[in-house]
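# Residue-level structure breakdown
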Amino acid sequence: MIHNIVTAISSRVNLYVKNRLLIDDDVVVVRNLVDLKGSISEGVQNKISVFLLSVEEDKTSKTKSLTRVVNNPVIILNVNIMFAAYFTNNSYVESLRYISLVIEFFQKNPNFYLSDTPGLPLSNPKVHVEIYNLNMPDTMRLWGAIGTKYLPSCAYRIKQIKFDSEQMNIDIPPIMGG
C-alpha cells in the first residue's frame, strides 16, 4: 500500500513539474538515490529521486480509530519521504529550481483524493502531506546514512495511512521508477 501512495503522489508531482517547465520527459522517479554498493543509482541523474525515509506509527490517531474490537487492530502510519534533486555540478541552480517546484506543488496541493490522484488505494481515499522538518544535525546524519553528500532536497510526511486487514484490497501500483 505504501508503494501505491508514494507512486501516486510522485506521479502528480512529476506531471506538475513537467507542465511548469514545458518538458515531455519524466523528471520525478521513485527510486533509491544510491544503490547498495554506494554508487548513484541508474536513472536518477538530472531528475528528482523520491525515496522512503521512515515509517512511524501515528499514536495520536490510535485512540480515535479503534472503535471496534478485533484481533488485529487498525494501524495508522505516517510515511516520511524525500525528494532529492540530483543534477551535475554544472546544473546546481537547476536542482534548486526543481526542488522549489516540488515545494510549490505541495504548498498548492497538500491533500490527495481518489478522484484527483489515480493509484491511491481504496482503503486510503484521502491522504494529507505536509513538510517534514529535519534539523541540521539530523540532516547531516541522514545524508551520511544515504551514502552521498548533501543534495538539494525536501522531506514530506504523508499522514495517517490506514492499514486495516479487514479492508485490504489487491492494489495494482502504477508503473513508475522501475
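Residues numbered from 1 in each chain as written. Predicted model: local features only at pLDDT ≥ 70, side-chain atom pairs only at ≥ 80, totals over all residues. Heavy atoms only, no water.

## With respect to the nonpolar core
Stated formally: Definition of nonpolar core: a set of buried residues of the types Ala, Val, Leu, Ile, Met, Phe, Trp, Tyr and Cys, connected through side-chain atoms within 4.5 Å. The buried label applies to any residue whose accessible area, calculated with a 1.4 Å probe on protein chains only, is under 20% of its type's maximum; exposed applies above 50%, and partly exposed to all values in between. We call two residues in contact whenever any of their non-hydrogen atoms come within 4.5 Å of each other.
Ranked by size, the top nonpolar core spans 32 residues in total, and within it Ile9, Val13, Phe83, Phe106 and Ile158 carry the most contacts. Sequence-distant contacts of Ile158, defined by excluding residues within four places in its chain, comprise Ile5, Val6, Ile9, Leu77, Asn78, Val79, Ile81, Val127, His128 and Val129. Counting residues in each nonpolar core, the second largest holds 12 residues, with Met82, Trp143, Ile146 and Ala155 among its members.

## A look at the sheet that holds strand 5 (residues 126–131)
Rules: By this definition, two strands are paired if DSSP reports at least two bridges between them. Runs of E in the DSSP output that reach at least two residues are strands. Runs of H or I that reach at least four are helices, and both are numbered from the N terminus. Angles run from 0 to 180 degrees between N-to-C directions of axes, and those axes are lines fitted to C-alpha atoms, restricted for helices to the stretch in contact.
Spatial strand order, 1-2-3-6-5-4: 6 strands in an open sheet with mixed pairing. Each edge of the open sheet carries a strand with a single partner, namely strand 1 (28–30) and strand 4 (111–113). With direction set aside, neighbouring strand axes in the sheet form an average angle of 30 degrees. Sheet analysis places strand 2 (residues 47–57) next to strand 3 (residues 75–86), joined by 10 bridges and oriented antiparallel. Looking at strand 3, one finds that Glu56 is bridged to Asn78.

## Side note on the environment of Asn46
Inspection of the secondary structure puts Asn46 in the loop between strand 1 and strand 2. Asn46 sits 40 residues away from Tyr86 along the chain, and the two C-alpha atoms are 5.5 Å apart. Not counting chain neighbours up to four residues away, the residues in contact with Asn46 comprise Tyr86, Phe87 and Thr88.

## Some remarks on the pairing of strand 5
Both strand 4 and strand 5 contribute to a ladder of 3 bridges, which runs antiparallel. Bridging across to strand 5, Phe112 finds its partner in Val127. Pairing analysis gives 4 bridges linking strand 5 to strand 6 (residues 153–163), with the strands arranged antiparallel. Bridge pairing in strand 6 places Glu130 opposite Arg157.

## Observations concerning the side chain of Ser41
Definition in use: Here a polar contact is taken to be a pair of N or O atoms separated by no more than 3.5 Å, where protein atoms must pair a possible hydrogen donor with a possible acceptor and residues adjacent in sequence count only if both atoms sit in side chains.
Looking at the element boundaries, Ser41 is found in the loop between strand 1 and strand 2. Residue Ser41 is classed as buried on the basis of its relative accessible area of 11%. A polar atom in the side chain of Ser41 sits 2.8 Å from the backbone oxygen of Asn32. Non-local contacts of Ser41, meaning those with residues more than four positions away in its chain, are made with Arg31, Asn32, Leu33, Val34 and Asp35.

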